[in-house]
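Structural description and commentary
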Amino acid sequence: MEKLKNYIIESFDEIKNKVSWPKFNELQSSAILVLVASLIFALVIGLFDLGFNNALAWFYKEF
């Protein structure tokens, strides 16, 4: 039990004193970048899906 207590105390100390936390504006710009990249990726995947759907619909209608 002492090892667990020591682990928690050392982990808390490391998070509090040794971790370099990003500034709010860095965090905000990273979040916006992830949001924009996710939207672009979703649009590309959606367009591929729409294209394959139309191609298969045409194929099944023809044959």
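Cut-offs used in this document
Residues numbered from 1 in each chain as written. Predicted model: local features only at pLDDT ≥ 70, side-chain atom pairs only at ≥ 80, totals over all residues. Heavy atoms only, no water. Helix = DSSP H or I, 4+ residues; strand = E, 2+ residues; numbered from the N terminus. Buried < 20%, exposed > 50% of the residue type's maximum accessible area, 1.4 Å probe, protein only. Patch = residues over 30% accessible without salt bridge, like charges linked within 9 Å, V, L, I, M, F, W, Y side chains within 5 Å. Areas by Shrake-Rupley, 256 points an atom, 1.4 Å probe, with all protein chains shown as cover. Salt bridge = Lys/Arg side-chain N within 4 Å of Asp/Glu carboxyl O. Phe/Tyr/Trp six-rings, centres within 6.5 Å; stacked < 30°, edge-to-face > 60°. Polar contact = N/O pair within 3.5 Å; in protein donor to acceptor, adjacent residues only side chain to side chain.

Looking at the secondary structure, you find Ser38 in helix 2 (residues 24–62). Judged by relative accessible area, Ser38 falls into the partly exposed class, the value being 39%. Distance from Ser38 to Pro22, taken between C-alpha atoms, is 21 Å for residues 16 residues apart in sequence.

A surface patch of nonpolar side chains, amounting to about 580 Å² of accessible area, comprises Ile32, Val36, Ile40, Val44, Phe48 and Phe52. As for its placement among the helices and strands, Phe52 is situated in helix 2.

How two aromatic rings sit relative to each other is set out by the distance from centre to centre and by the angle between their planes. Scanning the model with the defined rule gives two aromatic pairs in all. A centroid spacing of 5.0 Å and a plane angle of 50° characterise the contact between Phe59 and Phe63, whose relative ring orientation is tilted. Put simply, the rings of Phe59, Tyr60 and Phe63 pair up and form one aromatic cluster.

Bringing the environment of Ser11 into the picture now. If you trace the backbone, Ser11 turns up in helix 1 (residues 2–17). Classification of Ser11 as partly exposed rests on a relative accessible area of 24%. Once the C-alpha coordinates of Ser11 and Asn25 are considered, the two residues, 14 residues apart in sequence, prove to be 27 Å apart. For Ser11, the side chain forms a polar contact with the main-chain oxygen of Tyr7, separated by 2.8 Å.

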